[in-house]
Amino acid sequence: MSAETMPSRDSSMVGRFAPIAVGNGQGPTSRASPSKERPQHGVGCSWLQWVSPCCYRSRSSSLDLIDTLDPEPVKEDDKPYKPHPEASELEELALIVRSVDLLKSKTGQNRRDHHTDLYHNDDLILRRGQTFQIALELSRPFKPNTDKLRLELTTGRNPVVSKGTHVIVPLVEDLEGGQWEAKIVEQSSSRVLLSINSSPKAAIGRYQLTVATQCPQGTSTHESGSDICMLFNPWCQDDTVYMDDDNERTEYVLRDTGRIYYGTENQIGARTWNFGQFSEGILQACLFLLDKSETPSAGRGDPVNVVRVISAMINSLDDRGVIEGNWSGNYMGGTSPTAWSGSVDILRKYHSENGTPVKYGQCWVFSGVTTTVLRCLGVPTRSVTNFQSAHDTDVSLTTDVYFDENMEPLNNLNTDSIWNFHVWNDCWMARPDLPPGMGGWQAVDATPQETSQGIFCCGPASLTAIRTGQVYLKHDTPFVFAEVNSDKIYWQRNLDGTFSQVYIEKKKVGHCISTKAVGSDERMDITHLYKYPEDTEEERIAVETASRYGSRPEVYATASAEDVSIEVTMDGEGPRMGSDARLTIILHNNSAHPRRTTLHSQVAVMYYTGVLKGTVKKEKLPVELMPNEVKPIEWTLPYQHYQDHLVDHAALMLTLSGRVNETQQVLATQYNFRLRTPDLTITPIGDAVVGKEMEAKISFTNPLPRTLKSVVFRVEGLGLQNIREIAVGDVGAHSKVTLTEAFVPTLPGPRKLVASLDCRQLTQVHGVADIVVQEK
């Protein structure tokens, strides 16, 4: 790789956690304190103090799919309960946890379901937001009427409940998901099997588990002998790293080898890299790296923060990270960057030497190790190579070359450079911290080129923001934009010391951006994700938009006037599912002169997290505006364009851009909308009285011109009806289905009967009826 200079600058608004030491705690202990060893209050007071709403709650019934998990076999399940041979009479009455089985076998149900069975590690490795099971061996059978039980998990050096590092897991009657909760799903003699849900926002890292019990005879606590390791979860829809394509999840999370590209755009070479994220010792090394960064455990639930910290910790500058960079050609005392073929030896060496940087690396090594660490932690990640990669040193968002009056290069000013190739990473996540549409692939660069708020790190920067020139969105978007889409501008010094542009190369930077294809060793070109096609109007608009936020905003001609405005409006409650979607684009010419432009419109399906799934329609709209004219343009998205592409919530984003011919004013706007789904209509029938059967009629009309397959209704109501599934079957195009549900109210007062529809082709369909239940 060629690089003329490697300067640094202190810029940008990107943050990093304050240095707070983090540790994993010490070895487990176990303790029990029956009543003879602890002062006891009255049983009622003690009970009220121990059983609080945060530790135990009872809920209405919900679908419980957890019971279908296949727990690992446990010895002596079927033997009748016998008191512990050395237990005293009081200890026999007390409820004590004898042991905790985390069911952590690599081949067991927990690790198979959590896609962690490939890790060469004996701990219980889980992905957040998903159910797992543990088994408790008690001193006697558990009595639900008099015994109480709770779980506590802690992570980090100073666990605090308010920061999510000390988790109190409530025992509930029915699991709802989306939060920490536990349920007893099986009891056999003195053995109890628990199903536990974790929060999809839980901090990643090592957790220590404590089980607490209480009964009238006393309290007991037991600390598990093993840690629980929590990772990000691309399989969980509520996790911000969720990726819905199974082939892509396999490639970007589970694949432990890959290809990294190098060379020149005309001579692209490829080398195989062993990421080895599941190899022995690698998970421990990755967690060690997080600890060494001194990132507070409370901040480890946000992948934006974690990825940013990892990009800093992979290089050794300013924090003694994993790899020491070396571009000198002299690699004495270390390993030549070209000699490495994988990440495993590097990470093991760094961990075993207690954080001594490994010598030496260049960009492909930094990228390969970053892929290993982030995949190991559960973030979908890939290595990406950019050919003709610019290095902008002054935040001008251009690559500048300076000459004197005689056209001799001014080497002291020529600090920008263009590398033959440069390798960084893309990682996948939603970006709730940015405007909608900015989620998906994010650029992350661990090679130490420039500082970001004084730290050598870069990203995550949204590829959508890079592509559209929205470089004001964090993190480090201007630098990555310049790498892939800056113009190369030649400047000549004037006699008065100022500089004038003498030439611009618009297509010099950012070619053949490459990554390994999903499911094969072929090269996949992803240039279109980073930039519009060269020299198109969209690409020029992006370049000029970005330059306005650089250190030289006047480098491109500014609009002589900005007298045209654009907005998008929607009639009433908006378009309905199953019909053509119609919006109105309104352009207003505020000048006394005619104006002409061509609007580029693009509409994409969007997840509720702001991640764009794919474009469903593109078109160009030529527009002519008379002086002071307000022109509405009807825009239509036919049903056939979106029918097979929608995801949950049926959200879409319309992007409009253009340039006014007469003034060069740039027009741009984005508009989010969703397709409204029909409601389920619920009509109560008969009197609502406690203990007396009544009915409700539920009706639904299919809004789509296609058959809905395997439709299921779910009906429930607190004090009215435990959750019940009703298989409706197929519902024809525009057909209506009506059913009657009978139930017996159990509680008086105002109640709500809620119903929802479950169907692959149609989501977010629900209804509610208010019912006032009378006493008998």
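Scoring rules and cut-offs
Each chain has its residues counted from 1, running along the sequence as written. pLDDT decides what is reported in this predicted model: residues at 70 or higher carry local features, side-chain atom pairs at 80 or more are listed and counted, and totals for whole chains, interfaces and linings draw on all residues regardless. The side-chain numbers reported here are obtained from all heavy atoms of the structure, hydrogens and water having been left aside. Two strands pair if DSSP finds at least two bridges between them. Helix and strand definitions here come from DSSP, where helices need a minimum of 4 consecutive H or I residues and strands a minimum of 2 consecutive E residues; each element is numbered from the N-terminal end. Throughout, an axis means a line fitted to C-alpha atoms (over the contacting stretch in the case of helices), and angles, computed between N-to-C directions, take values from 0 to 180 degrees. What counts as a salt bridge is simple: a side-chain nitrogen of Lys or Arg found within 4 Å of a carboxyl oxygen of Asp or Glu. Think of it in three bands: residues with accessible area under 20% of the maximum for their type are buried, residues over 50% are exposed, and the middle band is partly exposed, with areas taken using a 1.4 Å probe on protein chains only. Working definition of a nonpolar core: buried Ala, Val, Leu, Ile, Met, Phe, Trp, Tyr and Cys residues. They are joined through side-chain atoms within 4.5 Å. Contacts: residue pairs with any heavy atoms within 4.5 Å of one another. Geometric relationships in this document are graded by angle, where less than 35 degrees denotes roughly parallel, more than 145 denotes roughly antiparallel, 65 to 115 denotes roughly perpendicular, and other angles denote oblique. In this scheme the handedness of a crossing depends on how the near helix is turned from the far one: anticlockwise by less than a right angle means left-handed, clockwise means right-handed. When residues are sorted by character, Ala, Val, Leu, Ile, Met, Phe, Trp, Tyr, Cys and Pro go into the nonpolar class, Asp, Glu, Lys and Arg into the charged class, and all the rest, Gly among them, into the polar class. Two N or O atoms count as a polar contact when they lie within 3.5 Å, although within protein this holds only if one can serve as hydrogen donor and the other as acceptor, and sequence-adjacent residues are included solely when both atoms are side-chain atoms.

Q: Looking at this model, I keep getting lost on the sheet that holds strand 37 (residues 721-731). Mind explaining?
A: Adjacent strands of a sheet form backbone hydrogen bonds with each other and so pair up, either parallel or antiparallel. Pairing in this open sheet of four strands is antiparallel, and the strands run 37-36-39-40 from one edge to the other. The outermost strands of the open sheet, each flanked by one partner alone, are strand 37 and strand 40 (762-773). When the angles between neighbouring strand axes are averaged without regard to direction, this sheet yields 15 degrees. Pairing analysis gives 10 bridges linking strand 39 (residues 749-759) to strand 40, with the strands arranged antiparallel. Note that in strand 40 the partner of Ser756 across the bridge is His766.

Q: In this structure, what is going on with the pattern of salt bridges? I would like to understand it.
A: Oppositely charged side chains are able to pair whenever their charged atoms sit close together. All chains considered together, the criterion is met by 31 salt bridges. Its salt-bridge partner being Asp400, residue Arg552 comes within 3.2 Å of it at the nearest N-O pair. A residue pair is termed long-range when its members are at least 10 positions apart, and Arg552 in the loop between helix 12 (537-547) and strand 27 (564-569) and Asp400 in strand 18 (residues 399-403) qualify at 152 residues. A residue is classified by how much of its surface remains accessible, and Arg552, at 16% relative accessible area, is buried. Across the salt bridge formed by Arg706 and Asp644, the nearest N and O atoms sit 3.1 Å from each other. Taken together, the residues Arg706 in the loop between strand 35 (694-701) and strand 36 (708-717) and Asp644 in the loop between helix 13 (639-642) and strand 32 (651-659) connect sequence positions 62 residues apart. For Arg706, a relative accessible area of 26% translates into the label partly exposed. Look at the salt bridges and you will find they share partners, linking Glu251, Arg255 and Lys516 into a network.

Q: Sorry, what's going on with the nonpolar core here?
A: One broad rule of soluble globular proteins: the nonpolar side chains tend to lie buried together. Membership of the largest hydrophobic core comes to 59 residues, with the highest contact counts inside it found for Ile585, Leu587, Phe673, Phe700 and Phe713. Counting residues per element, this core draws most heavily on strand 40, which supplies five residues. In contact with Ile585, other than residues within four places in its own chain, are Ile566, Glu567, Val568, Leu599, Leu621, Lys631, Pro632, Ile633, Trp635 and Leu656. Counting residues in each nonpolar core, the second largest holds 55 residues, with Leu283, Phe288, Val309 and Val322 among its members.

Q: How do you make sense of the packing of helix 5 (residues 282-292) against helix 7 (residues 344-352) when you look at a structure like this?
A: Two quantities define a packed helix pair, namely the angle between the axes and the distance from one axis to the other. Following both chains from N to C, one finds helix 5 and helix 7 inclined at 55 degrees, their axes separated by 9 Å at the closest point. The angle between helix 5 and helix 7 falls in the class oblique. Like other packed secondary-structure pairs, helix 5 and helix 7 cross with a definite hand, here left-handed. Mapping the contact onto sequence places Ile282, Gln284, Ala285, Phe288, Leu289 and Lys292 in helix 5 and Val344, Leu347, Arg348, Tyr350 and His351 in helix 7. A class-by-class count of the residues in the contact of helix 5 with helix 7 yields seven nonpolar, two polar and two charged.

Q: Just checking my understanding: could you explain the packing of helix 5 against helix 6 (residues 303-313) for this structure?
A: Across the interface, helix 5 lies against helix 6 with an axial gap of 10 Å and an inter-helix angle of 90 degrees. As summarised for this structure, helix 5 and helix 6 are arranged roughly perpendicular, according to the angle between their axes. Residues Leu289, Leu290 and Lys292 of helix 5 pack against Val306, Ile310 and Met313 of helix 6. Its residues placed into classes, the contact of helix 5 with helix 6 shows five nonpolar, no polar and one charged.

Q: Whenever I open this one, helix 4 (residues 246-254) confuses me. Can you help?
A: Since the α-helix turns once every 3.6 residues, residues separated by three or four places project in the same direction. Looking at helix 4, one finds that the buried residues are Arg249, Glu251, Tyr252, Val253 and Leu254. Here the buried face of helix 4 lies against strand 4 (124-127), helix 8 (363-377), strand 17 (381-391), strand 20 (440-444), strand 25 (511-516) and strand 26 (523-525). Two to three positions downstream of the cap, the backbone nitrogen of Asn247 sits 2.9 Å from a side-chain oxygen, assigning the N-cap of helix 4 to Asp245.

Q: How should unusual backbone geometry be read in this particular structure?
A: The general pattern is negative phi for most residues beyond glycine and trans for most peptide bonds. Looking along the chain, the bond that leaves Lys359 and enters Tyr360 is cis, with omega of 0 degrees. Note that Tyr360 resides in strand 16 (residues 358-361). The omega torsion of the bond from Lys474 to His475 falls at 10 degrees, within 30 degrees of zero and hence cis. Structurally, His475 is set in the loop between helix 9 (463-468) and helix 10 (477-485).

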